[in-house]
Amino acid sequence: MMRLMTTHYRNQMLIFASVSLGMAALDQITKQVVVASIPPGGSVEIVPGLVNMVHTMNPGAAFGFLAGYESDYRWWFFVGVSAVVVTALLLMTAASPGLNRLLLIGYACFMGGAVGNLIDRIRFGAVVDFMDVYWGALHWPAFNVADSALCVGTGLFLLCMVTGRGTQRDPLEGAQIDLQRR
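Draft legend 1. Spatial organisation of the overall build of the chain. Along its length, the chain carries 4 helices and 6 strands. Going through the 182 residues of the chain one by one, you find that 35% of them count as buried. Sequence-distant contacts, at least 24 apart, represent 71% of the contacts inside the chain between residues at least 6 apart. A total accessible area of about 10700 Å² is found for the chain, and carbon and sulfur atoms account for 70% of it.

Put into structure tokens, the structure is as follows:
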């Protein structure tokens, strides 16, 4: 027996792949612009008193988590965790043909962010951060497009869980076309 994917499932996977790859590509393009145009440690004022574009390397996770922990295992830990997350997202999305659209986009944003930062860790051993947002003495840690995608993905996931939309299935879920080979 040969089982064909439904159009709905193909569209779901196309949306997931498009958003994921788009986020990862946008992340890498913006980081390349920063690396090429701002020296390490440099800064360019974008919105006076609010936003600077900087060139920093973060060997840790979000907000510098474990950045000060010097160990040969730190790189392996972050690459390993990223690889597990990417694999889990691929499997969860592929195994759930009727994902709610918001949850699907949340997974895809998270995937794109994880891939974008994973590429940096493999290339540079650290993540390129470049957005520096502040207001007076209040200062947010530098971040990048991948970090933003991870936050959006997490926010959409939480929204779906809180509203109950994460368990809501699309009406075409499970619809399959079976053809017998003769």
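Draft legend 2. Representation of the sheet that holds strand β4 (residues 127–135) in the model. Strand order in the open sheet formed by 4 strands is β2-β3-β4-β5, and the pairing between neighbours is antiparallel. Of all strands in the sheet, those bounded by a partner on one side alone are β2 (43–47) and β5 (138–139). Sheet topology note: the strand β3 (residues 51–58)/β4 ladder contains 6 bridges and is antiparallel. Among the inter-strand pairings, N52 is bridged to a residue of β4, identified as D132. Contacts between helix α3 (residues 101–124) and the sheet are confined to β3 and β4, with β4 contributing the most and set at about 120° to the helix.

Draft legend 3. Inspection of the nonpolar core at higher detail. One finds F16, V86, L89, L99, L103, L104, Y107, A108, M111, A114, L150 and C160 forming the largest nonpolar core, which totals 12 residues. If you list the elements that add at least two residues to this core, you get α2 (72–94), α3 and α4 (145–163). Looking at this core element by element, the count peaks at 6 residues for α3.

Draft legend 4. Representation of the packing of aromatic side chains in the model. The final tally for this structure, using the stated rule, is 2 aromatic pairs. Seen in terms of ring centroids, F77 and F78 are 5.3 Å apart; in terms of plane orientation they differ by 65°. Their pairing is edge-to-face. Overall, the relative accessible area of 7% leaves F78 in the buried class. Just above the ring of F78 sits the side chain of R121; from NZ or CZ to the centre is 4.4 Å.

Draft legend 5. Focus on the environment of D129. Counting through the fold element by element, D129 comes out in strand β4. Note: C-alpha distance between D129 and F143 (14 residues apart in sequence) is 4.7 Å. Apart from residues lying up to four places away in sequence, D129 is in contact with V54, H55, T56, N58, A142, F143, N144 and D147. For D129, the side chain forms a polar contact with the side chain of N144, separated by 2.8 Å.

Draft legend 6. Local environment of the pairing of β4. Of the pairings in the sheet, the one linking β4 to β5 comprises 2 bridges and is antiparallel in character. Within the sheet, the bridge partner assigned to Y134 lies in β5 and is H139. What sits between β4 and β5 in their antiparallel hairpin is a turn of 2 residues, with G136 showing a positive phi close to 60°.

Draft legend 7. Main features of the pairing of β3. By the bridge criterion, 4 bridges tie β2 to β3 in an arrangement that is antiparallel. Residue pairing for β3: E45 is matched across the bridge by N52. Adjacent in sequence and paired antiparallel, β2 and β3 are bridged by 3 residues, among which G49 carries a positive phi angle near 75°.

Definitions and cut-offs
Residues numbered from 1 in each chain as written. Predicted model: local features only at pLDDT ≥ 70, side-chain atom pairs only at ≥ 80, totals over all residues. Heavy atoms only, no water. Helix = DSSP H or I, 4+ residues; strand = E, 2+ residues; numbered from the N terminus. Buried < 20%, exposed > 50% of the residue type's maximum accessible area, 1.4 Å probe, protein only. Contact = heavy atoms within 4.5 Å. Areas by Shrake-Rupley, 256 points an atom, 1.4 Å probe, with all protein chains shown as cover. Pairing = 2+ DSSP bridges. Axes fitted to C-alpha atoms, helices over the stretch in contact; angles between N-to-C directions. Core = buried A, V, L, I, M, F, W, Y, C linked by side-chain atoms within 4.5 Å. Phe/Tyr/Trp six-rings, centres within 6.5 Å; stacked < 30°, edge-to-face > 60°. Lys NZ or Arg CZ within 6 Å of the ring centre and 35° of its normal. Polar contact = N/O pair within 3.5 Å; in protein donor to acceptor, adjacent residues only side chain to side chain.

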